[in-house]
Amino acid sequence: MISLNIEKTGDLISKEAIAAYESSVKEAQVKLEKGTGLGNDFLGWLHLPSSITQAHLTELQTTAKLLREQCDVVVVAGIGGSYLGARAVIEALSNSFTWLQEKRESPIMIYAGHNIGEDYLHELTEFLKDKKFGVINISKSGTTTETALAFRLLKKQCEDQRGKAVAKQVIVAVTDAQKGAARVTADQEGYQTFVIPDNVGGRFSVLTPVGLLPIAVAGFDIERLVAGAADMEKACGSEVPFAENPAAIYAATRNELYKQGKKIEILVNYNPKLHYVNEWWKQLYGESEGKENKGIFPAAVDFSTDLHSMGQWIQEGERIIFETVISVENPNHTLTVPSDEANLDGLNFLAGKRVDEVNKMAELGTQLAHVDGGVPNMRIVIPELSEYSIGQLLYFFEKACGISGYLLGVNPFNQPGVEAYKKNMFALLNKPGYEEESKAIRARL
Ligand code: PA5
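Thresholds, definitions, all that
Residues numbered from 1 in each chain as written. Predicted model: local features only at pLDDT ≥ 70, side-chain atom pairs only at ≥ 80, totals over all residues. Heavy atoms only, no water. Phe/Tyr/Trp six-rings, centres within 6.5 Å; stacked < 30°, edge-to-face > 60°. Helix = DSSP H or I, 4+ residues; strand = E, 2+ residues; numbered from the N terminus. Buried < 20%, exposed > 50% of the residue type's maximum accessible area, 1.4 Å probe, protein only. Salt bridge = Lys/Arg side-chain N within 4 Å of Asp/Glu carboxyl O. Polar contact = N/O pair within 3.5 Å; in protein donor to acceptor, adjacent residues only side chain to side chain. Contact = heavy atoms within 4.5 Å. Near = heavy atom within 4 Å. Areas by Shrake-Rupley, 256 points an atom, 1.4 Å probe, with all protein chains shown as cover. Nonpolar A, V, L, I, M, F, W, Y, C, P; charged D, E, K, R; others polar. Pairing = 2+ DSSP bridges. Axes fitted to C-alpha atoms, helices over the stretch in contact; angles between N-to-C directions.

(A) Here's a closer look at the packing of aromatic side chains. What the rule picks out here adds up to 17 aromatic pairs. Seen in terms of ring centroids, Phe 151 and Tyr 191 are 6.4 Å apart; in terms of plane orientation they differ by 90°. Their pairing is edge-to-face. Taken together, the residues span a long stretch of sequence, with Phe 151 in helix 7 (residues 145–162) and Tyr 191 in the loop between helix 9 (181–189) and strand 6 (192–195) at a distance of 40 residues. Here the two residues Phe 151 and Tyr 191 agree in accessibility, since each one is buried.

(B) Structural detail: the pattern of salt bridges. For the coordinates displayed, the defined rule picks out 22 salt bridges. We note a salt bridge from Lys 234 to Asp 231, for which the minimum N-O separation is 3.7 Å. Highlighted residues: Lys 234 and Asp 231, both in helix 11 (residues 222–235), separated by three residues, approximately one helical turn. Since its relative accessible area comes to 27%, Asp 231 is described here as partly exposed. The salt bridge involving Lys 422 is made with Glu 419; its shortest N-O contact spans 3.6 Å. With Lys 422 and Glu 419 both in helix 17 (residues 419–428) and three residues apart, the pair spans about one turn of that helix. Look at Glu 419 and you get partly exposed, because its relative accessible area is 44%.

(C) Structural view of the side chain of Ser 288. Looking at the element boundaries, Ser 288 is found in helix 13 (residues 275–289). A distance of 3.2 Å separates a polar atom in the side chain of Ser 288 from the backbone oxygen of Pro 412. What Ser 288 contacts, discounting residues up to four positions off in sequence, is Arg 203, Phe 204, Gln 283, Cys 401, Val 410, Asn 411 and Pro 412.

(D) Here's a closer look at the site of the ligand. For the ligand, the set of nearby residues contains 13 residues, the closest of which are Ser 82, Ser 139, Ser 141, Thr 144 and Gln 283. One nitrogen or oxygen atom from the side chain of Ser 141 is found 2.7 Å from an oxygen atom belonging to the ligand. The separation between an oxygen atom of the ligand and a polar main-chain atom of Arg 203 is 3.0 Å. Computed on the free molecule, the ligand has an accessible area of 380 Å², of which 87% lies beneath the protein chains in the complex. Class assignment for the residues of the shell around the ligand results in one nonpolar, nine polar and three charged.

(E) Just the sheet that holds strand 1 (residues 3–5), in detail. With mixed pairing, the five strands of this open sheet are ordered in space as 1-10-9-7-8. At either end of the open sheet lies a strand with only one pairing partner, and these are strand 1 and strand 8 (297–302). When strand polarity is set aside, the average angle formed by the axes of neighbouring strands in this sheet is 20°. Where strand 7 (residues 264–269) meets strand 8, six bridges bridge the pair, whose relative direction is parallel. Residue pairing for strand 8: Glu 265 is matched across the bridge by Pro 298. Those strands touched by helix 12 (residues 246–259) are strand 1, strand 7, strand 9 (321–328) and strand 10 (377–382), and its axis lies near 155° from that of strand 10.

Here's what the structure looks like:
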């Protein structure tokens, strides 16, 4: 099981201060369980892992098999909660270099619909030109501009290259049961579809087909992923005593640090494969808590890489930060530093050691230095990068986020602030229905 250690949160946080959160955490848990808190129409994620049926997983695996058989490349089109979870899991579990090899067991997974970069989209269409590719179009609303724009291009290219009949088989939609343009298109074209439940918001949707389908297509075991999440659902359940509940302790500790003036939480990893777990986590906490002029700012770094860039700021910049480190206990491979007779690089003191031992000493040394520098540290240890552990990690963060948002006193399940840029963009692009806004915004320019 993954574990949480808050021993290194420094002098700022006493055991008593954390213990004092017991009743408010309980209250938050009751709100989640009974659906009496803010945003209670978006609690479908809470008991999702334990309610996923084998039949549902089999259906996903069957579609995944078909895409794997018919495609060398699968493009996942989606943005925010409709792509980050899948990418986080796929990149955490993938070999870093297989996609560059000619011979592969699984399709190359690439991503689109998460930006409006003309060069990116041009280069994507060029890359796909001679490829047998398929598309998973993911959008809950079915109307998100970034995703819809990319999908328009991908649909046309897929039909042109592979013919309408094959395109129908290799384009799959994950969207609302009824509404939105993605649903209309899928029904009209006869695509296979998977439904995103109404009561699961984007950033909590990784264990719905939004995440599970691409993860299965990439060749990973979604049954183990869900099993890990289900075990964590138990470990973080409302009946688990406060002191033994990792989600409760994490939520309480970060809120106490925030109260003490630590306005920025930096999620740290020491494994480059976790980069997109950082990205997923930033969205989960940023969109859930950053509202009403409140909320910890979620930042993230990849160490030791970023020790050579952000390390200076973290060690000696303004003391408004704390770190949450994700440490992977055991690598999946073994690599030992070779001995070198000439020792020109002076590295023989490392000869015979595992590379991971060097990494772990970088981690320990950094933790000590940062704590000395006034940066409270929490540490989450995951046994290894596997479907089961990652499933646990995802659910742990989701549950803690729900509790933490309620402790902060906000609705953790809405994102009203995301609309402001869209309104302006549609007004500037003269979208039908935005005539008044268009006039008003042009008057400001
Ligand atoms: O978490 C969220 O709700 C958002 O990040 C959405 O997932 C994102 O905006 C994409 O929305 P949609 O799935 O409707 O295209």
